[in-house]
Amino acid sequence: MSPRPRANRPAGQARTARTTPAPRSSGGPQGFVTARGSRTAEPPQSSHGARDFRTPPPSRPAPNRRARRRDPRAHWLLLLLTLAVAATALLFGGYGRHEIAPTAAPARECATAPEAVRTGGPVLTESDGRLRSAHLPARTVALTYDGGPDPSWTPRLLDVLAAHHAKATFFLTGTEIAAHPGLVRRIRDEGHQIGSHTYTDADLAQTGTWRARLELALTQNTLAGAAGLGTHLLRLPHTASVGTLCAAEWSAGRRAVDAGYVLVAADAPGRSLKRGAVRQYTGSPAAVTETERLLAHPPVKGLHFTTVGAGLGMNGVTYPVDGGNEAKGRAVVWAQAFSRAFADGMTWLMAAAGVITVARLVLLFAVARVHVRRTRRQRRRGNRPPPVTDPVTVIVPAYNEEAGIEATLRSLLASTHEYVQIIVVDDGSSDRTFEIAESVRAKDARVMVIRQPNAGKAAALNTGLSWAHFDIVVMIDGDTVFDRDAIRRLIQPLADPRVGAVSGNTKVGNRQGILGRWQHLEYVIGFNLDRRMYDVLECMPTVPGAIGAFRRQALVDVGGVSEDTLAEDTDLTMALCRAGWRVVYEESAIAWTEAPSTVRQLWKQRYRWCYGTLQAMWKHRRALVERGAGGKFGRRGLTYLTVFQMLLPLLAPLVDVFAVYGLCFQSAARAGTVWLGFTAIQVVCAVFALRLDKERFEPLWTLPLQIVVYRQLMYLVVVQSVVTALLGSRLRWHRMQRTGTAMDTLLRQPT
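Q: So what about the overall build of the protein? Which residues, and what values?
A: Each helix and strand counted, the protein has 22 helices and 21 strands in total. Across the 751 residues in the protein, those meeting the buried criterion constitute 52%. Counting only contacts in the protein whose residues sit at least 6 apart along the sequence, the fraction spanning at least 24 positions is 82%. Per element, the accessible surface of the protein, about 33,400 Å² overall, is 57% carbon and sulfur.

Encoded structure:
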């Protein structure tokens, strides 16, 4: 019969260390003895009546839980398409806002247009292959307005014209047509004429033929989409009377006339309205005031205010378009509206993401200082609780860990803690893991080696728990190398009976290459600073699988290590928090782990971590509405994970596209200043974190590269994980190829 977990001893009460492994009951856990003297796992009988977490699972998990489906691939095409659409929207919107290929101000001095043009009428058209110009008849005035429509002045102007029964001609820009289609329809419905003022108010004298055609075509499309109209009327931007036309402006105007447009300039300001004239106003509140003054007090009696087309008897200068052109126009209007909204939204998103990120760094900095002060205060003489000297069971799940298992076991056997029981659970390794562990066991009776068919890490941990002798259990990875005093330091927080688990300080052992340095910075700046904050806020989501101590009773309370997710350490920690146990961080308990040495291995590891974390978050989502410790964990821990490990990384590719756009087409100085400021804040936090962990500052030179390259890779990992979860795919276990380099940094340190 397997023993019941013992009740927690009062904090600080020591237990005499034993010199040989002793089972928790007189019979001890029974198993088959192999030829080498080690045990093969056989489930001990439970005496608890409830769920027995110590019973090993079947040799193979149920197919529906470990189904090996292919990882989704089409979502990368979807991501590329999304980024392409975002880039296109930014480019289209930026073109309309003069951020892309803007034209310069017209030259003050230029070669003049031909004399026949400068001395002719303000309205130029082509008839029978010949250029013709015309003046308006006597006492006929065409009021024309350039730009808009604009909500600030167009409605008032229309009201003034309606009050005096006058008609006018509006030369509108395509971007404003798309932005205010309702005003365009009102202009049409009230009997005014509409002409083109190009799409972006670009100076056609400075553009090539293709750009000029694009400007005119886009304006026609937006007008068709907004009001169902087309127009032959055109006014060249930045031009006034025909007498002031430059040669380049006339060349652009001539090409437009050849394309079927009626070019409308203006009469000189000194021309008497009695002779008939085309008056030009720039759309603005001032134009409204001048128009109202002219209509209320005309300088000549009997003036007739009408449109350009009506004044010259030109029929069909504006015309209805067919359904196909109207549909195409609507698409352009919608595209313009989407691009504007997307650019505005991305601006706000960039600002919000920047504020949230800076606030997070400030919070981490502040809370870390609180954690340090609290830890130091607890360690002062008189504030220390009696030391925890209870025997400890260390469980080492191992699958194909021949490269590092011997170093792991020897570091545990060298522990300064009074007594440890080390259980190696070989989870069906196909290499020499079992033989190496067995050779260590043959030399030290504190080591027990158990072999079972491959069933996964969670099952291996549960198997180890079924053979554990003591009330304190330390769980580690098969490649982890412990400092000599790591176990002793790790279990000291368990002197508080409220503490159910303790997270140690994991460090990257193989940090020589740039990828290793990036991960080293991530562990110190990201993981460890986060754990300090989680400790203070009492919402720790993960005790790392590399180094964690647990109270046996806490494990009983949550039913052992669950196999529901790929992140069994996160799942277990969240369950402990919801069960009311405190989970804390012990910075002085240091363990060295081997980080992935290639991008491919890094991708597989982080993909599994992220996917498993998403599984655990979904499994424990009800913590958000719970009361007590579970609710505290849910509203603090889960919310933090959702924002900073899911939402912001998902939006990061779009933010990067917007940042590149701003660097290329907006203010490069402003974009560079923002990036340098953000990097400076990161460097300050990195220096603080490295100092807290007593690490050297040498890897800091790689931090800017980490921000540009490494984090983008991590963002893509989140995208892959979220899509995998949404599609309901089952991710298979991705095991990293070990090289036994976890001790590289440790061996380089002075003794």
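Picking up after the structure, the text goes on.
Q: How would you explain the state of the cysteines if you had to name every residue and give the values?
A: For the coordinates displayed, the defined rule picks out one disulfide. A sulfur-sulfur separation of 1.6 Å characterises the disulfide bridge that pairs Cys 110 with Cys 246. Looking down the S-S bond of the Cys 110 and Cys 246 bridge, the torsion is -65°, so its handedness is left-handed. Here Cys 110, found in the loop between helix H1 (74-96) and helix H2 (115-118), pairs with Cys 246, found in the loop between strand E9 (233-234) and helix H7 (247-258); they are 136 residues apart in sequence, far enough to count as distant.

Q: Can you break down the nonpolar core residue by residue, with the values?
A: Residues Met 475, Phe 550 and Leu 576 are the most contacted members of the largest nonpolar core, which totals 52 residues. Within the second largest apolar cluster, 35 residues are counted, among which are Ile 472, Ala 495, Val 502 and Ala 591.

Q: Tell me about the packing of helix H3 (residues 154-163) against helix H5 (residues 181-189), and please be specific about residues and values.
A: Packing of H3 against H5 brings their axes to within 11 Å, and their N-to-C directions diverge by 10°. With respect to H5, the element H3 is oriented roughly parallel. Here Thr 154, Pro 155, Leu 158 and Asp 159 of H3 come into contact with H5, specifically with Leu 183, Arg 186 and Ile 187.

Q: Explain the packing of aromatic side chains to me, and be specific about the residues and the numbers.
A: Here the structure, examined in full by the defined rule, presents 14 aromatic pairs. Both rings, one in Phe 338 and one in Phe 342, keep their centres 5.9 Å apart while their planes meet at 25°; by these two values the pair is stacked. With Phe 338 and Phe 342 both in helix H10 (residues 323-379), this residue pair falls four residues apart, about one helical turn. Take Phe 342: its relative accessible area is 15%, and that puts it in the buried class. With a centroid separation of 4.9 Å and an interplanar angle of 65°, the aromatic rings of Tyr 523 and Phe 527 are classed as edge-to-face. Of this pair, Tyr 523 and Phe 527 are both found in helix H15 (residues 514-537), four residues apart, which corresponds to roughly one turn of the helix. Grouped by ring-pair contacts, the aromatic residues Phe 92, Tyr 95 and Tyr 199 constitute a single cluster.

Q: Tell me what's going on with the pairing of strand E3 (residues 123-127), and back it up with residues and numbers.
A: Two strands pair when backbone bridges link them, and E3 and strand E4 (residues 130-134) are joined in this way by five bridges, in the antiparallel orientation. When the bridges of E4 are listed, Thr 125 appears paired with Arg 132. Linking E3 to E4, which pair antiparallel, is a turn of two residues; within it Asp 128 sits at a positive phi near 55°. The pairing of E3 with strand E10 (residues 262-264) spans two bridges and is classified as antiparallel. Across the sheet, the residue bridging to Leu 124 is Leu 263, located in E10.

Q: Run through empty space enclosed by the protein, naming residues and quoting values.
A: Applying the stated criterion across every chain, the model contains seven cavities of 30 Å³ or more. When its volume is computed, the second largest cavity comes out at roughly 90 Å³. Along the walls of the second largest cavity sit 13 residues, with Leu 461, Met 475, Gly 545, Glu 568 and Asp 569 positioned nearest its centre. Among the elements of the structure, helix H13 (457-466), strand E17 (472-476), strand E20 (547-551) and helix H17 (568-578) are those that each provide at least two residues to the lining of the second largest cavity. At three residues, H17 tops the list of elements feeding residues into the lining of the second largest cavity.

Q: How would you summarise the side chain of Arg 511 if you had to cite specific residues and measurements?
A: One can find Arg 511 in the loop between strand E19 (499-508) and H15. Judged by its relative accessible area of 12%, Arg 511 is buried. Among the polar contacts listed, one links the side chain of Arg 511 to the side chain of Glu 695, at a separation of 2.9 Å.

Q: If you had to explain helix H20 (residues 668-692) to someone new, which residues and values would you point to?
A: Between its first and last C-alpha, H20 extends 36 Å over 25 residues, near the 36 Å set by a 1.5 Å rise per residue. One or two steps after H20, the chain reaches Lys 694, where phi turns positive at roughly 55°.

Q: Tell me about the packing of H15 against helix H21 (residues 703-726), and please be specific about residues and values.
A: For the pair H15 and H21, interaxial distance at closest approach is 11 Å and the crossing angle is 85°. In terms of orientation, H15 and H21 fall into the roughly perpendicular class. For the pair formed by H15 and H21, the contact residues are Ile 514, Leu 515, Trp 518, Gln 519, Leu 521, Glu 522 and Ile 525 on the first element and Leu 703, Leu 705, Gln 706, Val 709, Tyr 710 and Met 714 on the second. Residue composition of the contact of H15 with H21, by class: 10 nonpolar, two polar and one charged.

Q: Could you give me a rundown of a positive patch on the surface, with the residues and numbers involved?
A: Taken together, the side chains of Arg 369, Arg 373, Arg 376, Arg 377, Arg 691 and Lys 694 present a region of like positive charge at the surface. With four residues, the top contributor of residues to the positive patch is H10. Within the secondary structure, Arg 376 is located in helix H10.

Q: Which residues make up the environment of Ala 689, and what values do they have?
A: Structurally, the position occupied by Ala 689 is in helix H20. We classify Ala 689 as buried; its relative accessible area is 2%. Residues Ala 689 and Tyr 523, spaced 166 residues apart in sequence, show a C-alpha to C-alpha distance of 9.9 Å. Not counting residues up to four positions away in its chain, the partners in contact with Ala 689 are Val 524, Ile 525 and Leu 529.

The rules behind the values
- Each chain has its residues counted from 1, running along the sequence as written.
- With pLDDT at 70 or above as the cut-off, local features in this predicted model cover only qualifying residues; side-chain atom pairs require 80 or more to be listed or tallied, and sums for whole chains, interfaces and linings still use all residues.
- Excluding hydrogens and water, the side-chain figures rest on all heavy atoms present in the structure.
- Under the DSSP-based scheme used, a helix requires at least four consecutive residues in state H or I and a strand at least two consecutive residues in state E, with every element numbered from the N terminus.
- Working definition: with a 1.4 Å probe on protein chains only, accessible area under 20% of the residue-type maximum means buried, over 50% means exposed, and in between means partly exposed.
- For this analysis, residues touch if any pair of their heavy atoms sits within 4.5 Å.
- Here the open area of atoms and residues is found with the Shrake-Rupley method and a 1.4 Å probe, where only the protein chains shown may cover a residue.
- Pairs of cysteine sulfur atoms within 2.5 Å are what we label disulfides.
- Throughout this description, the term nonpolar core refers to a set of buried Ala, Val, Leu, Ile, Met, Phe, Trp, Tyr and Cys residues connected via side-chain atoms within 4.5 Å.
- Where helices are involved, their axes are fitted lines through C-alpha atoms of the stretch in contact, as for all axes, and angles between N-to-C directions lie from 0 to 180°.
- Angles are sorted into four bins: roughly parallel if under 35 degrees, roughly antiparallel if over 145, roughly perpendicular if 65 to 115, and oblique for all others.
- Aromatic pairs are defined between Phe, Tyr and Trp rings, using the six-membered ring for Trp, whenever the two ring centres lie within 6.5 Å; interplanar angles under 30 degrees are classed as stacked, those over 60 as edge-to-face, and all others as tilted.
- Here, strands pair whenever DSSP counts at least two bridges between them.
- A 1.4 Å probe that fits into a set of points on a 1 Å grid over the protein atoms alone but cannot get out defines a cavity; an open set with protein on both sides within 12 Å along at least five of seven lines defines a pocket, and lining residues are those with an atom within 4 Å of a point.
- Grid points are joined across faces, edges and corners, and a volume is the space filled by probe spheres set on the points.
- Definition of a polar contact: a pair of N or O atoms within 3.5 Å, with one able to donate and the other able to accept a hydrogen when the atoms are protein atoms, and with sequence-neighbouring residues admitted only if both atoms are side-chain atoms.
- Expected span of a helix: the number of residues minus one, times 1.5 Å.
- Note that Gly is not counted as nonpolar here; it falls among the polar residues with everything else outside the nonpolar set of Ala, Val, Leu, Ile, Met, Phe, Trp, Tyr, Cys and Pro and the charged set of Asp, Glu, Lys and Arg.
- What makes a patch is a set of residues exposed beyond 30% relative accessible area and free of salt bridges, joined within 9 Å when like-charged and within 5 Å when nonpolar (Val, Leu, Ile, Met, Phe, Trp, Tyr).
- The working definition used for a salt bridge is a side-chain nitrogen of Lys or Arg within 4 Å of a carboxyl oxygen of Asp or Glu.
- Positive: Lys, Arg. Negative: Asp, Glu. His and the chain ends are not part of the count.
- Throughout, a charge is located at the NZ atom of Lys, the CZ atom of Arg, the CG atom of Asp or the CD atom of Glu.

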